Amino acid sequence: MGALMSAPIGVCGSCAASMAGYLACSGCSSLARGIASSSARFAYCAYFTLSMLIAWLLRDFGDSLLKKIPWIENVLPATASADVEHAYFGTQAVYRVSLGTTAFFMLLSIGTVNIKYRSDTRDRLVHHGSWAVKTLVYLLLIVLAFCLPHGFSAPYAWLARLGSVFFLLVQVVILIDFAHAWNDSWVARSEESKTWIGALLTCTAISYGSAIAFNAVGWAWFHPSVECRLNALFLVTGILAALAVGVSAMHPSVSGSIFPASLMAVYANFMIWSALVSEPHSYECNGMGEQLDAASGSALATGVAATLGSVVWAALRAGSRSDDNAGGSDCGAGERQRLLASVVDDDTTHTSAGLDGAPDAPDAETAMERSSGDAEGTNGAAGSAADDFDPPSYNYSWFHLVFACASLYVGMLFTGWGEEGAEGEGGFVDVGWVSVWVKVVTAWVGSLLYVWTLVAPMVLTEREF
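Residues numbered from 1 in each chain as written. Predicted model: local features only at pLDDT ≥ 70, side-chain atom pairs only at ≥ 80, totals over all residues. Heavy atoms only, no water.

A. How the structure looks around the overall build of the chain. Helices and strands together make up the secondary structure of the chain, namely 17 helices and zero strands. Per element, the accessible surface of the chain, about 23,400 Å² overall, is 67% carbon and sulfur. (Helix = DSSP H or I, 4+ residues; strand = E, 2+ residues; numbered from the N terminus. Areas by Shrake-Rupley, 256 points an atom, 1.4 Å probe, with all protein chains shown as cover.)

B. Focus on the packing of aromatic side chains. Across all of its chains, the model carries 26 aromatic pairs by this definition. On the numbers, 6.4 Å between centres and 65° between planes, the contact of Tyr44 with Phe105 is edge-to-face. Taken as a pair, Tyr44 in helix H2 (residues 40–61) and Phe105 in helix H4 (residues 82–111) lie far apart in primary sequence, 61 residues in all. Note on Phe105: relative accessible area 0%, which makes it buried. Relative to Tyr156, the ring of Tyr95 has its centre 5.9 Å away and its plane inclined at 70°; by these criteria the two rings are edge-to-face. Of this pair, Tyr95 sits in helix H4 while Tyr156 sits in helix H7 (residues 153–189), and the two are 61 residues apart along the sequence. Among the residues examined, Tyr95 registers a relative accessible area of 5% and is labelled buried. Feature note: the residues Tyr44, Tyr47, Phe48, Phe104, Phe105, Trp131, Tyr138, Phe399 and Phe403 constitute an aromatic cluster, connected by ring pairs. Sitting over the face of the ring of Trp158, Arg161 holds its NZ or CZ atom 4.4 Å from the ring centroid. Across the ring face of Trp196, the terminal group of Arg189 is positioned such that the distance to the ring centre comes to 4.9 Å. (Phe/Tyr/Trp six-rings, centres within 6.5 Å; stacked < 30°, edge-to-face > 60°. Buried < 20%, exposed > 50% of the residue type's maximum accessible area, 1.4 Å probe, protein only. Lys NZ or Arg CZ within 6 Å of the ring centre and 35° of its normal.)

C. Inspection of helix H16 (residues 396–413) at higher detail. If you check H16, its first and last C-alpha atoms are 26 Å apart, about what 18 residues at 1.5 Å a residue would give, namely 26 Å. Counted residue by residue, H16 has 16 buried out of 18 residues, so it is predominantly covered. (Expected span 1.5 Å × (residues − 1).)

D. Molecular detail of the nonpolar core. Among the nonpolar cores identified, the biggest contains 49 residues, and Tyr44, Phe48 and Phe105 are the most heavily contacted of them. Of all the elements in the fold, those that place two or more residues in this core are H2, H4, helix H6 (131–145), H7 and H16. For this core, the leading source of residues is H16, giving twelve residues. When sequence neighbours within four positions are dropped, the list of residues in contact with Phe105 reads Tyr44, Tyr47, Phe48, His400, Phe403, Ala404 and Ser407. Counting residues in each nonpolar core, the second largest holds 28 residues, with Tyr267, Val436, Ala443 and Tyr450 among its members. (Core = buried A, V, L, I, M, F, W, Y, C linked by side-chain atoms within 4.5 Å. Contact = heavy atoms within 4.5 Å.)

E. Main features of a nonpolar patch on the surface. A cluster of nonpolar side chains, namely Trp219, Val236, Ile239, Leu240 and Leu243, defines an oily patch on the protein surface of about 420 Å² accessible area. Relative to the elements of secondary structure, Ile239 occurs in helix H9 (residues 229–250). On the accessibility criterion, Ile239 (38% relative accessible area) is partly exposed. (Patch = residues over 30% accessible without salt bridge, like charges linked within 9 Å, V, L, I, M, F, W, Y side chains within 5 Å. Salt bridge = Lys/Arg side-chain N within 4 Å of Asp/Glu carboxyl O.)

F. Looking closely at the packing of helix H8 (residues 195–222) against helix H10 (residues 258–277). Between H8 and H10, whose axes approach to 8 Å, the crossing angle comes to 20°. Here H8 is positioned roughly parallel relative to H10, judged by the angle of their axes. For H8 against H10, the interelement crossing comes out left-handed. Side by side, H8 and H10 meet where Leu200, Cys203, Thr204, Ser207, Tyr208, Ser210, Ala211, Phe214, Asn215, Val217, Gly218 and Phe222 of the first sit next to Ile258, Phe259, Ala261, Ser262, Leu263, Ala265, Val266, Asn269, Phe270, Trp273, Leu276 and Val277 of the second. The class makeup of the residues in the contact of H8 with H10 is 17 nonpolar, seven polar and no charged. (Axes fitted to C-alpha atoms, helices over the stretch in contact; angles between N-to-C directions. Parallel < 35°, antiparallel > 145°, perpendicular 65-115°, else oblique. Left-handed = near helix turned anticlockwise from the far one by under 90°. Nonpolar A, V, L, I, M, F, W, Y, C, P; charged D, E, K, R; others polar.)

G. Structural context of the packing of H2 against H16. The N-to-C vectors of H2 and H16 enclose an angle of 15°; their axes lie 11 Å apart at closest approach. Considering the angle they form, H2 stands roughly parallel to H16. For the element pair H2 and H16, the recorded crossing hand is right-handed. Judged by residue contacts, Arg41, Tyr44, Cys45, Phe48 and Met52 of H2 engage Phe399, His400, Phe403, Ala406, Ser407 and Val410 from H16.

H. Layout of the state of the cysteines. Per the stated rule, a full pass over the model turns up one disulfide. What pairs with Cys228 in a disulfide is Cys285, and their sulfur atoms sit 1.9 Å apart. Since a negative S-S torsion denotes a left-handed disulfide, the Cys228-Cys285 link at about -90° is left-handed. Highlighted residues: Cys228 in the loop between H8 and H9 and Cys285 in the loop between H10 and helix H11 (287–294), separated in sequence by 57 residues. (Disulfide = S-S within 2.5 Å.)

I. Structural context of the environment of Trp273. You can see Trp273 is positioned in helix H10. Residue Trp273 is classed as partly exposed on the basis of its relative accessible area, which comes to 22%. Along the chain, Trp273 and Ala216 lie 57 residues apart, while their C-alpha atoms are 9.5 Å from each other. Once residues within four sequence positions are removed from consideration, Trp273 is found in contact with Phe214, Val217, Gly218, Phe222 and Met288.

J. Quick look at the confidence of the model for the chain. Mean pLDDT for the chain: 73, with 63% of residues reaching 70 or above. Mean pLDDT across the elements of the chain ranges from a minimum in helix H13 (residues 333–341), with 42, to a maximum in H6, with 93. Across residues 1–37, confidence stays below pLDDT 50; counting only partners more than four residues off in sequence or on other chains, it has two contacts. The low-confidence segment residues 293–297 (pLDDT under 50) makes two contacts with residues lying over four places distant or belonging to another chain. (pLDDT = per-residue confidence, 0-100.)

Shown next, in the form of structure tokens:
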């Protein structure tokens, strides 16, 4: 009898345990999907950061592994030293990880082209979901890159150089836009409180002080003698760039401001200083090189961490721009309104497709009314349908394209831009004469582009800015 009674109890207990386990797993799965959906950009940053770490580790510690791969031929002469051989296999590893990561983001960029509404299936499956599948594809592409023969490295290096230049130009444009937007925002707030003007002046002083500091450190560390004329030339151009952007911004004929000019001044002098740091450590005018060579492994770790952080931040900010968001362009406003008209009353139809995915002011009030209506069980379907036709908050395809170019850029940073003998000299990142000139030219181009943003409205009078 006891056995007969315990059997149903055991069955019920087993069912209850199974149900509890199922609910727990479902809850965790839903939570994970929710986090991934709301933090998709940071998830892609995680992919990108992982690739950089893998490239760095294989470059410095993976040559013994690559030597065992038969199709990665050792084209070096038999008399090549161990250091040269180590650098060769390290470069091969970096190129292959960079290629796999670039292919991953390019596939995502192609797969998210022309997503205009959040109801698009690709928004949910390609960009915000299918993380297990994407992780598998990501790993598979990196593995497949290691199956390529040696001959791919030369053409890929040139492709990486072109992609890197594009990435650097995007960085400069984003910085200029950021400087103008910051200044305009605080100037607008100063109408309510003059404290914002004081904050702008303080930030301007800090920026110019930082520019002077970078330049002064450059003279102290990288110009130990009069023979270092090239370094002196670089440092002088940093001073001239700061003066040029400042004078241009304050000229009465242009509508400029001193604060954005100060940000461009500190950027130009930082890039000049960074270029000097990238000089080969054996170069006699690189006073910091001797200190870095004599330092412990913490110097290497700090340099790599700084490089990773700066590249991730630049890629994330550049890729998340929504000004040119195809999904929220005004050309789709009429179509969006027609679609909304079928599910939303005429008095709640959106008046425009906001570029940042946010509704206009009247629509915000309507959304609040619908939220209260949803609580009472009314208008829920209409409100949900309206959200489905909202544009994405940023251009997904552009986001992935920027990260693809950033992956190419990492391939250049970790190999000294493909310069022979400069592959991470001494285990460091971004060292070599090509890196030096790329940074110096970037500083000059950034200053010229900023001046052009001030002069263009006077030259191109028929265009709106």
